[in-house]
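# Overview (structure and organization)
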Amino acid sequence: DDRENFDDPSINGLKEASMIQAILEHLRERGKSHGNGDNNVDDGLLTTFSYNMLISCWSHLSKIHAHGPLEAEKVLQVMMRHAERNQRQPKKGYSYYRQYGRHNFAAVAPDAVSYINAMRAWANSQHERRGQRVQWLLQKQWQDCEFARFHGSGNSNSSDQQQYANQLRPTTESYNT
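Structural notes, computed from the coordinates.

### With respect to the environment of Thr-48
Locating Thr-48 in the fold gives a position in helix α3 (residues 48-61). In this structure the C-alpha to C-alpha distance between Thr-48 and Asp-111, which are 63 residues apart in sequence, comes to 7.5 Å. At a separation of 2.6 Å, a polar atom in the side chain of Thr-48 contacts the main-chain carbonyl oxygen of Ala-109.

### So, the nonpolar core
Counting 31 residues, the largest nonpolar core has Tyr-51, Ile-55, Leu-76, Tyr-115 and Leu-137 as the members making the most contacts within it. Among the elements of the structure, α2 (14-33), α3, α4 (68-88), α5 (112-124), α6 (130-152) and α7 (158-168) are those that each provide at least two residues to this core. Ignoring any residue separated from it by four or fewer positions in sequence, one finds Tyr-115 in contact with Leu-76, Met-80, Pro-110, Leu-137, Lys-140, Gln-141, Asp-144 and Leu-168.

### Notes on the side chain of Asn-117
Following the sequence through the fold, Asn-117 ends up in helix α5. By relative accessible area, Asn-117 is classed as buried at 8%. Contacts of Asn-117, omitting those with residues within four sequence positions, involve Asn-52, Ile-55, Ser-56 and Ser-59.

### Observations regarding α5
The first and last C-alpha atoms of α5 sit 18 Å apart over 13 residues, in line with the 18 Å expected at 1.5 Å per residue. One side-chain oxygen at the N-terminal end of α5 lies 3.2 Å from the backbone nitrogen of Val-113; it belongs to Asp-111.

### Describing the packing of aromatic side chains
Taken as a whole and judged by the stated rule, the model has zero aromatic pairs. Above the face of the Trp-136 ring, Arg-133 is positioned so that its terminal group lies 4.7 Å from the ring centre.

Calculation criteria
- Residues numbered from 1 in each chain as written.
- Predicted model: local features only at pLDDT ≥ 70, side-chain atom pairs only at ≥ 80, totals over all residues.
- Heavy atoms only, no water.
- Helix = DSSP H or I, 4+ residues; strand = E, 2+ residues; numbered from the N terminus.
- Polar contact = N/O pair within 3.5 Å; in protein donor to acceptor, adjacent residues only side chain to side chain.
- Core = buried A, V, L, I, M, F, W, Y, C linked by side-chain atoms within 4.5 Å.
- Buried < 20%, exposed > 50% of the residue type's maximum accessible area, 1.4 Å probe, protein only.
- Contact = heavy atoms within 4.5 Å.
- Expected span 1.5 Å × (residues − 1).
- Phe/Tyr/Trp six-rings, centres within 6.5 Å; stacked < 30°, edge-to-face > 60°.
- Lys NZ or Arg CZ within 6 Å of the ring centre and 35° of its normal.

This is the structure in structure tokens:
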């Protein structure tokens, strides 16, 4: 049976993960070429949701691929860099959230779902230090949440910062991972 051959990228999910990564990279490069710097959030092409899909993909693949949790954490780190860059140098009129229809999407900043999926990637793996990585990610999530809450007080975008801090706050699902 072909389905048992996990070395085939079209069967084991690696092809799909690579496709998602390529799409996100294309959108990021497109943003650079249109003068949006490293973030292509102004036209809503890159969002937290799009990056969370990739982290979730690696979380599921961690059961059969040893490098899955490392890949999930790399994506989370990319999101952290986007968020840090935007906190240091917010664009005029920048908001952490963009409105699309009735939904608000965070403009490429990790949220609780990002951290939960990265923690799941480690929990699903067979790494001997997976418990320590999950614990570190949970601590990092709390640190980032507190930073966003503190950074937002007295800021002109304080309500956006507080909304972001609330989206980042660990949930019971964070602890159950």
